[in-house]
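What the coordinates show
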Amino acid sequence: QVQLVESGGGLVQAGGSLRLSCAASGRTFSPYSMGWFRQAPGKAREFVADIRWSGGTTYYADSVKGRFTMSRDGAKNTVYLQMNSLKPEDTAIYYCALRLRLGAAFGSWGQGTQVTVSS
């Protein structure tokens, strides 16, 4: 079993930056990928970014391309989301999760970390 803990959220002005972290604990860590999702009040949870553990290939939602960068540190079992040029519409609770295999559902959801972007 894997437990994920997000951190790094906070309040930032539009145009600013934040760096989110998601640390995994448990047995040997070998996911297929890890992803970031977000959920704004009254809206459904949406995909933000994903990184394939082997090789580090990243994928991004169109809404964050060019602004967000996902990375991983295998030695620390941790993934990061560098968020630049933040916009008020980025305000949401950000969650991380993992997939064990291609085609599998994301699981082991963390508790989330709040990101608030003021105009």
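Here goes a summary of the coordinates provided.

Attention now goes to the overall build of the protein chain. From N to C terminus, the protein chain includes zero helices and ten strands. N-terminal to C-terminal, the α/β element order of the protein chain is β-β-β-β-β-β-β-β-β-β. Taking 2.2 N^0.38 as the reference for a compact globule, 119 residues should give roughly 14 Å; the C-alpha atoms of the protein chain span a radius of gyration of 13 Å, in line with that estimate. Over its C-alpha atoms, taken along the principal directions, the protein chain stretches across nearly 40 × 25 × 25 Å.

Before going further, it helps to spend a moment on the pairing of strand S5 (residues 46–52). Within S5, five of the seven residues are buried, leaving the element largely enclosed by the surrounding structure. Bridge count for strand S4 (residues 33–39) against S5 is six bridges, and the pairing is antiparallel. Its bridge partner being in S5, phenylalanine 37 is matched across the sheet by phenylalanine 47. Counting the residues in the hairpin turn of S4 and S5 gives six residues, including glycine 42, whose phi is positive at 75 degrees.

The pairing of strands in a sheet comes from backbone hydrogen bonds and takes either a parallel or an antiparallel form. Here we have six strands laid out as an open sheet, ordered S2-S10-S9-S4-S5-S6, and mixed in their pairing. At either end of the open sheet lies a strand with only one pairing partner, and these are strand S2 (10–13) and strand S6 (58–60). Looking at each pair of strands side by side, their axes are set apart by 25 degrees on average, direction ignored.

Here we take up the packing of aromatic side chains. The final tally for this structure, using the stated rule, is three aromatic pairs. Ring geometry for phenylalanine 37 and phenylalanine 106: centres 4.9 Å apart, planes at 75 degrees, overall edge-to-face. Remark: phenylalanine 106 occurs in the loop between strand S9 (92–99) and strand S10 (113–118) and phenylalanine 37 occurs in strand S4; sequence separation between them is 69 residues. Where phenylalanine 37 meets tryptophan 109, the ring centres are 4.9 Å apart and the plane angle is 65 degrees; that geometry is what we call edge-to-face. Of the two residues, phenylalanine 37 is situated in strand S4 and tryptophan 109 in the loop between S9 and S10; the sequence distance between them amounts to 72 residues. A relative accessible area of 35% places tryptophan 109 in the partly exposed class. Ring-pair connections join several aromatic residues into one group, and the members of that group are Phe37, Phe47, Phe106 and Trp109. The ring of tyrosine 80 has arginine 19 lying over it, and the distance from NZ or CZ to the ring centre is 3.9 Å. Looking at arginine 45, its charged tip hangs above the ring of tryptophan 109, at a distance of 4.4 Å from the centre.

What follows is about the nonpolar core. Counting 29 residues, the largest nonpolar core has Met34, Trp36, Met70, Leu81, Met83 and Tyr94 as its most contacted members. Only strand S3 (18–26), S4, S5, strand S7 (68–73), strand S8 (78–83), S9 and S10 provide two or more residues apiece to this core.

What counts, and where the lines are drawn
- Residues numbered from 1 in each chain as written.
- Predicted model: local features only at pLDDT ≥ 70, side-chain atom pairs only at ≥ 80, totals over all residues.
- Heavy atoms only, no water.
- Helix = DSSP H or I, 4+ residues; strand = E, 2+ residues; numbered from the N terminus.
- Rg over C-alpha atoms; globule rule 2.2 N^0.38 Å.
- Buried < 20%, exposed > 50% of the residue type's maximum accessible area, 1.4 Å probe, protein only.
- Pairing = 2+ DSSP bridges.
- Axes fitted to C-alpha atoms, helices over the stretch in contact; angles between N-to-C directions.
- Phe/Tyr/Trp six-rings, centres within 6.5 Å; stacked < 30°, edge-to-face > 60°.
- Lys NZ or Arg CZ within 6 Å of the ring centre and 35° of its normal.
- Core = buried A, V, L, I, M, F, W, Y, C linked by side-chain atoms within 4.5 Å.

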